[in-house]
Amino acid sequence: MYLHGSEETGDAVKPYLVHRCRRSPDFALRCAWLLGALSFDRPAPARQRHSRGTKLRRLILADELAPPAAASQPVAPSDFLGHFLNWATTPVKKGHVLSRKSHGRVQSLKSHVQSLKSRVKSLKGRVQSLKGHVQSLKGQVQSLKGQKWATCCILGQTARLAPEREFIQTLMAIGKRLVSLPTKEQKTQRLIAELSLLNLTLPARVWLATASFPHHIVRIPHTQTIVLNSKDKAPYLIYVEVLVCDDLERSVVPARIPEARIRTARSEECLQDESSPAVASELRLCPLPTLDPDEEAWSQDDIADLQVEKSNNSSDTISQFSLDSITSLDSKTEPVYILAGDIRRRLSEQLSVPITQFRKDPEDPSAAALKEPWKEKVRRIREVSPYGHFPNWRLLSVIVKCGDDLRQELLAYQVLKQLQMIWEQERVPLWLKPYKILVTSADSGMIEPIVNAVSIHQVKKQSQLSLLEYFLQEHGSRTTEGFLTAQRNFVQSCAAYCLVCYLLQVKDRHNGNILLDLEGHIIHIDFGFILSNSPRNLGFEVSAFKLTQEFVDVMGGQDSDMFIYFKLLMLQGLIGARK
């Protein structure tokens, strides 16, 4: 609205933008980056219209929209004194006769006014000297600021926005340097080395703009980074350790903790309640081993406790599935009786389903890493982290992309959020997963990754199974609650993304751009070709959306109840979106 709207609209929106930029440095930087990206490749006639966006961006980056400091304003003379001085100095008209008494009063007032003028002149001289002193003090302050932030500031930046902007620029520069390397193994080694150097500057007053809560970045586990699949570019996925804070600007940055600390052995008291803050504070850190963190030694008591906890959690989950199956059959007229043997059989089938892991492939190292459950990854990284004992410790992830225009991805994200809101209001059980997009320039940005999900291409390549066979392997046989729940999730998400592809005319829908999560949902990614755009403008994709025979087989076939449910969801979702 601020860029493309009329001048009146821009004037109405600008106070809101200025207010938000003064309150939040995160919003200020995101606004500046987006304004720069949207004004990058405009033609000459549109430059004048976008000049206000360029001006606002310069104001933000110069930090002229920072919260104003409280300063005492000079007190202006009262209106009464001004009118009195004007009256006293006004010459008397000829022909106007004054009495001796009035004449004496006027003379005394004139002399008093002259003394006031002399005093005002002396005060002005003092004010000028004070202004010069203030200017010298300001120069000294600016020189001190320049010395303090010389390592992280560039032209046009100040201490409020400089660390975060420099941090993001460093991540983007790393991605550009990776493009020149020929193999993925060399890219991974270079990326690990670059991030290990970046770790030396952390903790700092930097954050991830894709997160929804204030925090400070304290560490990047550089050995866990992943170079993603791309032919001409080098996008990469990093995990970031953060500590939640109250305010980005006012909260104290955590102190740096060296990683060469010794972790004390676990005692029997620690095994009783490891989640308590008192126990967590007693844990110390050891030097990072050269082996895989998963090969850490555990005692027999630890393994026994973990097995008991795992079995309890599995039983609770299965009992909830059974309760859902009972409530779903309440609509029938005849009562349904479930035998204890059937319950035991379902429990045993659910427990016997193996948790499959992908093998490590040098050509595709991201498959094995993305297949790992997010909770397990968080636990594993926290165990070896110097900051893992803090109760406000969190693990975030982000995809850094260089050489890709993410402005269209941002548009698709906004449309998906609107459709998600519409279908929730219309009570249509369609499932979408919009992921956050941060546009930093016209050819770079950051993407919020989807956890617990791998692409269908990786699934078929690693498992060598069809999609239905993979569902049976992951979730059990066709009659188990796990498979039926995953099948329902698949149908609801497939119908939602089929409608999205139809409404936005999304192209380039190969199996690498469709993810499958642990619950059976499918998630479409990479909306770089929408609204009639196609790769190289060939236009070979004529289908409105992707619905292959493998998808129909997972639903149970064209004559199954789930396929009928799929068509009903498509109809309800289209009517809701039309409203």
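Going by the annotation in an unreviewed UniProt entry, the name recorded for the chain is Phosphatidylinositol 4-kinase beta, with Petromyzon marinus given as the source organism. Listed under Catalytic activity (unreviewed entry) in UniProt, the entry text for the chain is "a 1,2-diacyl-sn-glycero-3-phospho-(1D-myo-inositol) + ATP = a 1,2-diacyl-sn-glycero-3-phospho-(1D-myo-inositol 4-phosphate) + ADP + H(+)". One UniProt comment on the chain, placed under Sequence similarities (unreviewed entry), says "Belongs to the PI3/PI4-kinase family. Type III PI4K subfamily."

### Focus: the state of the cysteines
This structure, assessed with the given rule, holds zero disulfides. There is no disulfide at C31, and the cysteine sulfur nearest it, in C21, is 4.5 Å away. With a relative accessible area of 11%, C31 lands in the buried category. Left unpaired, C494 is separated from the closest cysteine sulfur, that of C498, by 4.0 Å. Using a relative accessible area of 1% as the deciding quantity, one classes C494 as buried.

### Regarding the pattern of salt bridges
Considering all chains together, one arrives at 13 salt bridges under this definition. R380 is the salt-bridge partner of E372, the closest N and O atoms lying 2.9 Å from each other. Taking the relative accessible area as the measure of exposure, E372 reaches 12% and is therefore buried. Looking at R380, the relative accessible area reads 7%, which means it is buried. The salt bridge partner of D404 is K401, with a shortest N-O separation of 3.3 Å.

### Quick look at the nonpolar core
Judged by nonpolar contacts, the single largest core of 66 residues is most densely connected at W423 and F566. Ranked by the residues each element gives to this core, the list is headed by helix α18 (residues 481-504), at 13 residues. Built from parts of two domains, this core gets at least three residues from each of domain 2 (159-252 + 361-403) and domain 3 (405-441 + 451-577). If we ignore the near neighbours within four places in the chain, the residues touching W423 are V428, L430, L432, A496, L499, V500, G573 and A577. Counting residues in hydrophobic clusters, the runner-up holds 50 residues, among them L178, L198, V206 and M446.

### What about helix α4 (residues 51-61)?
An α-helix turns once per 3.6 residues; consequently, residues spaced three or four apart project the same way. Taken residue by residue, α4 has R52, G53, L56, I60 and L61 as its buried positions. Contacts from the buried residues of α4 go to α1 (7-23), α2 (25-38) and α7 (162-178). Positive phi shows up at D63, right after α4, with a value of about 60°.

### Concerning the sheet that holds strand β8 (residues 514-517)
Read from one edge to the other, the open sheet built from three strands follows the order β7-β8-β9, with strand pairing classed as antiparallel. The strands lining the two open edges of the sheet, one partner per strand, are β7 (453-455) and β9 (522-524). Each strand of the sheet is rotated relative to its neighbour by a mean of 35°, with strand direction disregarded. Relative to β9, β8 is paired through three bridges, and the arrangement is antiparallel. In the sheet register, L516 faces β9, and the bridge partner there is I522.

Conventions used here
- Residues numbered from 1 in each chain as written.
- Predicted model: local features only at pLDDT ≥ 70, side-chain atom pairs only at ≥ 80, totals over all residues.
- Heavy atoms only, no water.
- UniProt positions renumbered as here; feature names shortened; annotations may be inferred.
- Disulfide = S-S within 2.5 Å.
- Buried < 20%, exposed > 50% of the residue type's maximum accessible area, 1.4 Å probe, protein only.
- Salt bridge = Lys/Arg side-chain N within 4 Å of Asp/Glu carboxyl O.
- Core = buried A, V, L, I, M, F, W, Y, C linked by side-chain atoms within 4.5 Å.
- Helix = DSSP H or I, 4+ residues; strand = E, 2+ residues; numbered from the N terminus.
- Domains from an automatic or database assignment.
- Contact = heavy atoms within 4.5 Å.
- Pairing = 2+ DSSP bridges.
- Axes fitted to C-alpha atoms, helices over the stretch in contact; angles between N-to-C directions.

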